[in-house]
Amino acid sequence: MTENKSKDLVSEILRMKGEKNAVILAHYYQEGNIQDIADFVGDSLALAQKAADTDADIILFAGVRFMAETAKILSPSKKVLLPDRNAGCSLADSCKAKDFRKFIKDNPGRTVITYVNTTAEIKALSDISCTSSNAVEIVNSLPPGEKIIFAPDRNLGNHIINMTGRDIVVWNGTCHVHEEFSLEAIIKMKEENKNAKVIVHPECELPVRMIADFIGSTAALLNFTKKDNSNCYIIATEPGIIHQMKKTNPGKIFLPVPPKDSTCGCSECNFMKLITMEKIYRCLKTEKPEIHVNSKIIDDARKPIIRMLEISQKQGL
Ligand code: 13P
Ligand code: SF4
């Protein structure tokens, strides 16, 4: 796309946004140019909090389907748009409602906590939602003896067990981006950059988490790079976050970890990267594709999300 065409698209998006009273919410894994035109950029928790709060008539989600569905569940009277209907999530896909119902039945008497990276149907089967920013605090907010089911990410689930020591049965799902980071590459990068700190998303596998200097959600990783005094970081999460890291820390160096299959060379989330500036423009113009969630599912899925937001608010998250 020429520079002029791209400027035209951006100014048209901004014009339509004002005209239609629309808000653009973008996740940190979006391309930098999309993050730059968004009204708000954040991690899954902050985006859910914004979606619950906004007085816009239209919410355009530059992210993936489960995020847009969460916005619709929290604001059912608003029009929620997702610029590409195929922007899904391999982790959410790994947990189907029929199988999860059986899992709950096979593990009776447990409080069901699910990651927001799930379909609306899975949320409707849950007691409390969580994100990677608040999972540990959500679990710790429950009485000590309470037994838990956690789904769908087994790495985040095991991280929570390590942090809380709670009795948790974990669903066996993974994210195709985070399970692919190469431990060997991290060790080599660390040898070549002795002062670098390894910072890791909790969806990564145990060996990668074990060599981390810091483990946290995208927002927590970004925050860490702001407060920490090192000048070089090895980043084991989707590299979209590096855009904000560079913006807030202009003098520092950020090195993305490659996947185990080095022929690919990068660890981008192909679902997140389906969103483009052209698609945002078309979506805002036509107000399609729109996200719809069945009203019964909205009623049931709302409870665990609201419970999560209430616990997070109490804990100042
Ligand atoms: P955050 O909770 O850090 O936004 O993570 C979302 C996600 O999709 C990670 O893969
Ligand atoms: Fe889903 Fe993984 Fe992409 Fe996050 S990075 S949206 S968990 S596929």
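Our structure's up above, just so we're on the same page.
Residues numbered from 1 in each chain as written. Chains lettered and ligands numbered in written order. Predicted model: local features only at pLDDT ≥ 70, side-chain atom pairs only at ≥ 80, totals over all residues. Heavy atoms only, no water.

Novice: Would you mind showing me how to read the overall build of the chain here?
Specialist: Looking only at helices and strands, the chain has 15 helices and twelve strands in total. Seen along its three principal axes, the alpha-carbon backbone of the chain occupies a region of about 55 × 55 × 35 Å. Of the contacts formed within the chain by residues at least 6 apart in sequence, a portion of 64% connects residues at least 24 apart. A total of about 14100 Å² of accessible surface is found on the chain, and carbon and sulfur atoms cover 50% of it. Positive and negative charge centroids in the chain, built from 42 and 40 side chains respectively, lie 2 Å apart. (Helix = DSSP H or I, 4+ residues; strand = E, 2+ residues; numbered from the N terminus. Contact = heavy atoms within 4.5 Å. Areas by Shrake-Rupley, 256 points an atom, 1.4 Å probe, with all protein chains shown as cover. Lys, Arg positive; Asp, Glu negative; His and termini not counted. Charge placed at Lys NZ, Arg CZ, Asp CG, Glu CD.)

Novice: So what exactly am I meant to see when it comes to the sheet that holds strand S10 (residues 214-215) here?
Specialist: Strand pairing in a sheet takes place through backbone hydrogen bonds and is either antiparallel or parallel in direction. With parallel pairing, the four strands of this open sheet are ordered in space as S10-S9-S11-S12. The sheet terminates laterally at S10 and strand S12 (253-256), the two strands that pair on one side only. When strand S9 (residues 197-200) meets strand S11 (residues 232-236), the two strands line up parallel, connected through four bridges. Opposite Val200, over in S11, you have Ala236 as the bridge partner. Taken strand by strand, helix H12 (residues 218-227) contacts S9, S10, S11 and S12, and its axis lies near 160 degrees from that of S9. (Pairing = 2+ DSSP bridges. Axes fitted to C-alpha atoms, helices over the stretch in contact; angles between N-to-C directions.)

Novice: What is the right way to read the site of ligand 2 from this model?
Specialist: Taken together, Tyr29, Val64, Cys89, Ser90, Leu91, Asn117, Cys175, His176, Glu203, Cys269 and Met272 form the complete shell of residues around ligand 2. A class-by-class count of the residues in the shell around ligand 2 yields seven nonpolar, three polar and one charged. (Near = heavy atom within 4 Å. Nonpolar A, V, L, I, M, F, W, Y, C, P; charged D, E, K, R; others polar.)

Novice: Help me out: how do you make sense of the packing of aromatic side chains in this one?
Specialist: Each aromatic ring pair is characterised by the separation of its centres together with the angle its planes make. Under the counting rule described, the total for this entry stands at six aromatic pairs. Look at Phe224 and Tyr233: their rings are 6.4 Å apart centre to centre, the planes differ by 85 degrees, and that puts the pair in the edge-to-face class. Pairing Tyr233 with Phe254 gives two aromatic rings, centres 5.6 Å apart and planes at 15 degrees, and the pair type is stacked. Here Tyr233 is found in strand S11, whereas its partner Phe254 is found in strand S12, with 21 residues between them in sequence. Ring pairs connect the aromatic residues Phe214, Phe224, Tyr233 and Phe254, which therefore count as one cluster. (Phe/Tyr/Trp six-rings, centres within 6.5 Å; stacked < 30°, edge-to-face > 60°.)

Novice: What is the right way to look at the site of ligand 1 in this model?
Specialist: If you check the shell around ligand 1, you find His27, Tyr29, Asp43, Ser44, Tyr115, Asn117, Ser132, His178, His201, Glu203, Ser217 and Thr218 and nothing else. Here an oxygen atom of ligand 1 and a side-chain polar atom of His27 are 2.7 Å apart. With respect to ligand 1, the side chain of Thr218 contributes an N or O atom lying 2.8 Å from an oxygen atom. Among the residues making up the shell around ligand 1, the classes are represented as two nonpolar, eight polar and two charged. (Polar contact = N/O pair within 3.5 Å; in protein donor to acceptor, adjacent residues only side chain to side chain.)

Novice: I keep staring at the side chain of Glu69 and nothing clicks. Help me out?
Specialist: Its place among the elements puts Glu69 in helix H4 (residues 65-74). In terms of polar contacts, Glu69 uses its side chain to reach the backbone amide nitrogen of Ala120, at 2.9 Å. If sequence neighbours within four positions are ignored, Glu69 has contacts with Thr118, Thr119, Ala120, Ile291 and Val293.

Novice: What is the right way to read the environment of Asp93 from this model?
Specialist: Structurally, the position occupied by Asp93 is in helix H5 (residues 90-93). Overall, Asp93 belongs to the partly exposed group, its relative accessible area being 43%. On a C-alpha basis, the gap between Asp93 and Thr174 in space is 9.7 Å, while along the polypeptide they are 81 residues apart. (Buried < 20%, exposed > 50% of the residue type's maximum accessible area, 1.4 Å probe, protein only.)

Novice: Which parts of the structure should I look at to understand the environment of Ala135?
Specialist: Relative to the elements of secondary structure, Ala135 occurs in helix H8 (residues 135-140). Judged by relative accessible area, which is 3%, Ala135 ranks as buried. Sequence spacing of Ala135 and His159 is 24 residues, and the spatial spacing of their C-alpha atoms is 9.6 Å. Sequence-distant contacts of Ala135, that is, excluding residues within four places in its chain, are made with Cys130, Leu156 and Ile160.

Novice: Sorry, what's going on with helix H14 (residues 277-286) here?
Specialist: Each α-helix turn comprises 3.6 residues. Residues three or four places apart therefore point the same way. When H14 is considered as a whole, its buried residues turn out to be Met277, Ile280, Cys283 and Leu284. Relative to the axis of H14, the buried residues are bounded by an arc of 125 degrees and lie together on one face. For H14, exposure combined with an orientation more than 90 degrees from the buried face picks out Arg282 and Lys285. The inward-facing, buried residues of H14 contact helix H1 (3-19), strand S1 (22-27), helix H2 (32-37), strand S3 (58-62) and strand S4 (79-81). (Arc of directions from axis to C-beta.)

Novice: Please clarify how the sheet that holds S3 should be interpreted in this entry.
Specialist: With parallel pairing, four strands are arranged side by side in an open sheet as S2-S1-S3-S4. Lying at the two open borders of the sheet, with one neighbouring strand each, are strand S2 (40-42) and S4. Sheet twist, expressed as the mean angle between neighbouring strand axes with direction ignored, is 20 degrees. Pairing between S1 and S3: five bridges, direction parallel. Counted as the bridge partner of Ala26 is Ala62 from S3. Contacting S1, S3 and S4, H4 crosses the sheet at an angle of about 160 degrees to S3.

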